[in-house]
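Letter by letter, the chains look like this.
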Amino acid sequence: MMLNDGFDVQEMTRLIRHRRSVKPVDMDPGRVVEPGLLMELLENANHAPTHGLTEPWRFTIFQGDARAELAGVMQRIYRETTPVNEFREDKMLKMGQNPLLAGAVISIGMARQAGGKIPEIEEIEAVACAVQNMHLTASAAGLGAYWSSPPLVETREFVEWLGLRTGDRCLGLFYVGWPKPGFVWPKGLRKPVEEKLIWRGELRSS
Ligand SMILES: Cc1cc2nc3c(=O)[nH]c(=O)nc-3n(C[C@H](O)[C@H](O)[C@H](O)COP(=O)(O)O)c2cc1C
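Please read these numbers as outputs of a predicted model, since none were measured by experiment.

Novice: Would you mind going over the overall build of the chain with me for this structure?
Specialist: Each helix and strand counted, the chain has six helices and six strands in total. In the chain, the order of α-helices and β-strands from amino to carboxyl end is β-β-α-α-β-α-α-β-α-β-α-β. Counting only C-alpha atoms, the chain reaches 65 × 50 × 35 Å along its principal axes. For the chain, buried positions account for 38% of its 206 residues. Residue pairs in contact within the chain that sit at least 24 positions apart in sequence constitute 77% of those at least 6 positions apart. By element, 55% of the accessible surface of the chain is carried by carbon and sulfur atoms, the whole surface being about 12800 Å².

Novice: Explain the nonpolar core to me, please; I cannot follow it from the model alone.
Specialist: One recurring pattern in soluble globular proteins is that nonpolar side chains are buried together. One finds L41, M134, L143, F174 and V176 to be the most contacted residues of the largest nonpolar core, which totals 24 residues. It is helix α5 (residues 120-141) that contributes the most residues to this core, six residues altogether. Apart from residues lying up to four places away in sequence, V176 is in contact with M27, V33, L38, L41, A102, G103, A104, I106, L143, G144 and A145. Of all hydrophobic cores here, the second largest spans 21 residues; its members include V153, L162, L164 and L173.

Novice: It is not clear to me how the site of the ligand should be interpreted in this structure. Could you clarify?
Specialist: Around the ligand lies a shell formed by R19, R20, S21, K23, Y146, W147, S148, S149 and R190. Within the side chain of R20, one N or O atom sits 2.9 Å away from an oxygen atom of the ligand. Summarising the interface, the protein chains cover 56% of the accessible area of the ligand, which totals 620 Å² for the free molecule. Per-class residue counts for the shell around the ligand are two nonpolar, three polar and four charged.

Novice: Which parts of the structure should I look at to understand the pattern of salt bridges?
Specialist: Should the charged atoms of two oppositely charged side chains come close, the side chains can pair. Inspection of every chain in the model, using the stated rule, returns eight salt bridges. Between R76 and E80 there is a salt bridge whose closest N-O contact spans 3.7 Å. On the criterion of helical spacing, the pair formed by R76 and E80 is a turn pair, its members being four residues apart in helix α3 (residues 66-81). Notably, a salt bridge pairs R169 with E120, separated by 3.3 Å at the nearest N-O pair. Placement of the pair is R169 in strand β6 (residues 169-177) and E120 in helix α5, with a sequence separation of 49 residues. When its relative accessible area of 28% is taken as the criterion, E120 is described as partly exposed. Taken together, the salt bridges that share partners define one network made up of R76, E80 and E157.

Novice: Teacher, can you tell me more about a nonpolar patch on the surface here?
Specialist: Residues V9, M12 and I16 make up a contiguous nonpolar surface patch of about 240 Å² in total accessible area. Since its relative accessible area comes to 31%, V9 is described here as partly exposed.

Novice: Is there a simple way to think about the side chain of R19 in this case?
Specialist: Among the structural elements, R19 can be located in the loop between α1 (9-18) and α2 (35-45). Within the buried set, R19 has no salt-bridge partner at all; the shortest N-O distance to an opposite charge, 13 Å, is to D26. Beyond its immediate chain neighbours, meaning those up to four positions away, R19 contacts Q132, H135, L136, S139 and R190.

Novice: Would you explain α3 in this entry?
Specialist: Count 3.6 residues to each turn of an α-helix, and residues three or four apart come out pointing the same way. Between its first and last C-alpha atoms α3 spans 22 Å; for 16 residues at 1.5 Å apiece the expected length is 22 Å, and the two agree. Listed as buried for α3 are R67, L70, A71, V73, M74, Q75, I77 and Y78. Packed against the buried residues of α3 are β3 (57-62), α4 (89-101), β4 (104-110), α6 (156-161) and β6.

Rules of the game
Residues numbered from 1 in each chain as written. Predicted model: local features only at pLDDT ≥ 70, side-chain atom pairs only at ≥ 80, totals over all residues. Heavy atoms only, no water. Helix = DSSP H or I, 4+ residues; strand = E, 2+ residues; numbered from the N terminus. Buried < 20%, exposed > 50% of the residue type's maximum accessible area, 1.4 Å probe, protein only. Contact = heavy atoms within 4.5 Å. Areas by Shrake-Rupley, 256 points an atom, 1.4 Å probe, with all protein chains shown as cover. Core = buried A, V, L, I, M, F, W, Y, C linked by side-chain atoms within 4.5 Å. Near = heavy atom within 4 Å. Polar contact = N/O pair within 3.5 Å; in protein donor to acceptor, adjacent residues only side chain to side chain. Nonpolar A, V, L, I, M, F, W, Y, C, P; charged D, E, K, R; others polar. Salt bridge = Lys/Arg side-chain N within 4 Å of Asp/Glu carboxyl O. Patch = residues over 30% accessible without salt bridge, like charges linked within 9 Å, V, L, I, M, F, W, Y side chains within 5 Å. Lys, Arg positive; Asp, Glu negative; His and termini not counted. Expected span 1.5 Å × (residues − 1).

What follows is the structure, given as structure tokens:
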């Protein structure tokens, strides 16, 4: 079905339902994600809706050597900030491995406007829209992608390390990579939307 400027709604629906979280363990560490493709993801992120046109998303792209540096910083902050009874060695190991399995890791930052006219929740919502744009673009390109939100990303130390300012937040890390050879793209599982909606109003034909 072709509508408006030639957009194909069915194709868009197919993409939205095809999008999946693909974790670093299922990514091919030997395959580079081309900077041009990453830029396409980020350009599409930049077209997210934003109240007051604050455009609060801030990204840092970690590729190549920078992934190991990111992994080291995450491990250090995890070690320093996790209470002894909650500390898990397996989690710390994974933190060291995941960035190296992905072609690129993109930190998801939210910049808080001076004066705070737009409520913080709306800035967070705008950043989430930007991430969804990236994720859909990644899925359309055949890239695996995954939004990870370990608590350490919210620490002041990590936020500062990213170069974000006081009041800004890091909402997570977006892992991007080509799926491993033989990877089977997962199926989405959702409960029926009817369980989450209420219809109101009568439709009258004009
Ligand atoms: C804001 C946000 C944070 C997330 N953080 C994590 C996370 O820390 N760990 C994780 O395993 N998945 C995380 N996810 C991914 C979800 O687990 C995933 O979206 C969910 O399982 C549904 O799978 P799908 O994305 O393939 O539809 C996050 C997703 C969102 C939207």
